[in-house]
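Each chain, letter by letter, is given below.
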Amino acid sequence: MFTTLNDCKIYYEVHGKEDGKPIFFIHGAPGLGDCRADLSAFSSLGDQYKLIFLDMRGSGRSEDKPPYTHEQWTSDIDELRKLLKVDKIMIHGGSYGGFLSLEYVLRYQEHVTHVLLRDTAANQGYHHLSTETALKANLPGVTEDVLERLWKGETESNQGLKDIFGALLPLYTVEYEPDKIQERINSIFYHYETHNYAFKVNQPKYDVKEKLKQINVPVLVSVGRHDWVTPVECSQEIAAEIPNSTLIIYENSGHSPHAEENELYLTNVRQFLNETSKEEVN
């Protein structure tokens, strides 16, 4: 369904247990991602929790309406929280959605009980590692110049963004499945201007490492061992800085352990939430 948040038409879905504790799912890849992947991966949690999915402004089915800043995106999340009349939420963010989840809890910690992070980072000091991994893979169409344009937010059209992302997709998972990759490429809602702003304007100044110690709610940090775009080192750094954190490395996954090792991922999420919720009560 659609609603208007901060003067922007936003697509969102609510699933699961009506009176369950709410989990907000924040997708990554601004201008490329949307809530469908999280909806597919996490729907079974609906037997215990209320699940809220949304397409961030400038992504998926939501309106292309700047600004595409972290301040605006986190404000949109909080406006949806208010719309749904919930005080405390749990927030799950993957990849770039992890950036926003970290910034959300740092801005609105009084409304957060748990943070669930997947394959993300506290700053943008890892692109050299990602570039090295991508170039070593020798994929057709993946050159240093192509990666430079991606990181700097210099794609020139939706087709250009589609071409670059399509060339890189084999890096994202451990198992290479050409048919699924092509299906995904064709299913994406491309918004190249959103991507460009996120990488050209937001990314260079994104650095929350020194603020992580301020987070005093339980945080689950998950990452695939073979993640090329936000390598394991990024999650290890986050877990080392946040006092009440748990780190899980998925040995048979790339950038998407919630999909690649879905059953194990969900089991670990349930266990983490159940155990940390008990600690809250005690």
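Just so you know, the residues in each chain are numbered from 1, in the order the chain's sequence is written. Only residues with pLDDT of at least 70 get local features here, since the model is predicted, and only at 80 or more are side-chain atom pairs given and counted; chain-wide, interface and lining totals rely on the full set of residues. Values shown for side chains rest on all heavy atoms present in the structure; no hydrogens or waters enter the calculation.

Asker: Looking at this model, I keep getting lost on the environment of Tyr104. Mind explaining?
Answerer: Tracing the backbone shows Tyr104 in helix H3 (residues 96–107). Considering only alpha carbons, one finds Tyr104 and Asp78, 26 residues apart in sequence, at a separation of 8.2 Å. Note on conventions: DSSP H or I runs of at least 4 residues are helices, E runs of at least 2 residues are strands, and numbering of each starts at the N terminus.

Asker: Looking at this structure, I do not really get empty space enclosed by the protein. What am I missing?
Answerer: Sizing a probe to match a water molecule and rolling it over the atoms shows the empty space that remains. Computed over the protein atoms alone on a 1 Å grid, cavities are sets of points where a 1.4 Å probe fits but cannot get out and pockets are open sets with protein on both sides within 12 Å along at least five of seven lines; a residue lines them when it has an atom within 4 Å of a point. Grid points are joined across faces, edges and corners, and a volume is the space filled by probe spheres set on the points. Throughout the structure, instances matching the rule amount to 1 cavity of 30 Å³ or more. The volume enclosed by the largest cavity comes to roughly 40 Å³.

Asker: Before we go on, may I ask you to explain the sheet that holds strand E7 (residues 219–224) in this structure?
Answerer: The strands making up a sheet associate through hydrogen bonds between their backbones, and the pairing can be parallel or antiparallel. Note on pairing: DSSP must find at least two bridges between two strands before they are called paired. The strand order E1-E2-E4-E3-E5-E6-E7-E8 describes an open sheet built from 8 strands, whose pairing is mixed. Bordering the open sheet on either side are strand E1 (2–5) and strand E8 (245–250), each of which pairs with just one other strand. Strand after strand, the sheet turns through a mean of 25° between neighbouring axes, direction not considered. Bridge count for strand E3 (residues 21–26) against strand E4 (residues 49–54) is 6 bridges, and the pairing is parallel. Bridge pairing links Pro22 to Lys50 in E4. Against the sheet, helix H2 (residues 70–83) touches E1, strand E2 (8–16), E3, E4 and strand E5 (89–94), its axis set at about 115° to E1. Strand contacts of helix H9 (residues 232–241): strand E6 (112–118), E7 and E8, with the helix running at about 165° to E7, the strand carrying the most contacts. Lines fitted to C-alpha atoms define the axes here, with helix axes fitted over just the stretch in contact, and angles between the N-to-C directions of these axes take values from 0 to 180 degrees. The contact definition used throughout considers only heavy atoms, calling two residues in contact when any of these lie within 4.5 Å.

Asker: Can you walk me through the side chain of Thr194 in this structure?
Answerer: Of note, Thr194 is situated in helix H8 (residues 192–205). In this scheme, a residue with accessible area under 20% of its type's maximum is buried, one over 50% is exposed, and one in between is partly exposed, where area comes from a 1.4 Å probe on protein chains only. Accessibility expressed as a relative area gives 1% for Thr194, which makes it buried. Leave out the neighbours within four places in its chain, and Thr194 touches Pro30, Gly31, Arg57, Gly58, Ser59, Asp64, Tyr68 and Trp73.

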